[in-house]
Amino acid sequence: MDHLIYGVVIIGPIMNLPQLFQIWLKKNAQGVSAVSWASFALFSFIWLIYGLLHKDKPLIYMNTALIVIQIFIVTGALLYK
């Protein structure tokens, strides 16, 4: 199970990259909800705090990466709407 979790830690944030690239490379955020992505970032932040409290490295790594990506998505959604 540990190997699976480390795969999820890598693949989870990567799955958000197409949306990020769509917004920033094409400068088009049509159909992207800044509110939804801000909510995802908020929940990732809560999971990050949980991971920090429990010293769970996979949660810390994955949610840190997700928060960074999601903040860029929210920013792009607001800029390029």
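Going by the structure above, here's the rest.
From a predicted model like this one, the values you see are computed outputs, not experimental measurements.

Draft legend 1. Representation of a nonpolar patch on the surface within the structure. Where nonpolar side chains cluster on the molecular surface, the patch consists of L42, F43, F45, I46, W47, I49, Y50, L52 and L53 and spans about 950 Å² of accessible area. For Y50, a relative accessible area of 41% translates into the label partly exposed.

Draft legend 2. How the structure looks around the packing of helix 3 (residues 34-53) against helix 4 (residues 57-79). Running from N to C, helix 3 and helix 4 cross one another at 160°; their axes reach a closest spacing of 8 Å. Classed by the angle they form, the pair helix 3 and helix 4 counts as roughly antiparallel. Once helix 3 is placed against helix 4, the crossing between them reads as left-handed. Contacts between helix 3 and helix 4 pair A34, W37, A38, F40, A41, S44, F45, W47, L48, Y50, G51 and L52 from the former with L59, I60, N63, T64, L66, I67, Q70, I73, V74, A77 and L78 from the latter. Partitioned by chemical class, the residues of the contact of helix 3 with helix 4 number 18 nonpolar, five polar and no charged.

Rules and cut-offs
Residues numbered from 1 in each chain as written. Predicted model: local features only at pLDDT ≥ 70, side-chain atom pairs only at ≥ 80, totals over all residues. Heavy atoms only, no water. Patch = residues over 30% accessible without salt bridge, like charges linked within 9 Å, V, L, I, M, F, W, Y side chains within 5 Å. Areas by Shrake-Rupley, 256 points an atom, 1.4 Å probe, with all protein chains shown as cover. Salt bridge = Lys/Arg side-chain N within 4 Å of Asp/Glu carboxyl O. Buried < 20%, exposed > 50% of the residue type's maximum accessible area, 1.4 Å probe, protein only. Axes fitted to C-alpha atoms, helices over the stretch in contact; angles between N-to-C directions. Helix = DSSP H or I, 4+ residues; strand = E, 2+ residues; numbered from the N terminus. Parallel < 35°, antiparallel > 145°, perpendicular 65-115°, else oblique. Left-handed = near helix turned anticlockwise from the far one by under 90°. Contact = heavy atoms within 4.5 Å. Nonpolar A, V, L, I, M, F, W, Y, C, P; charged D, E, K, R; others polar.

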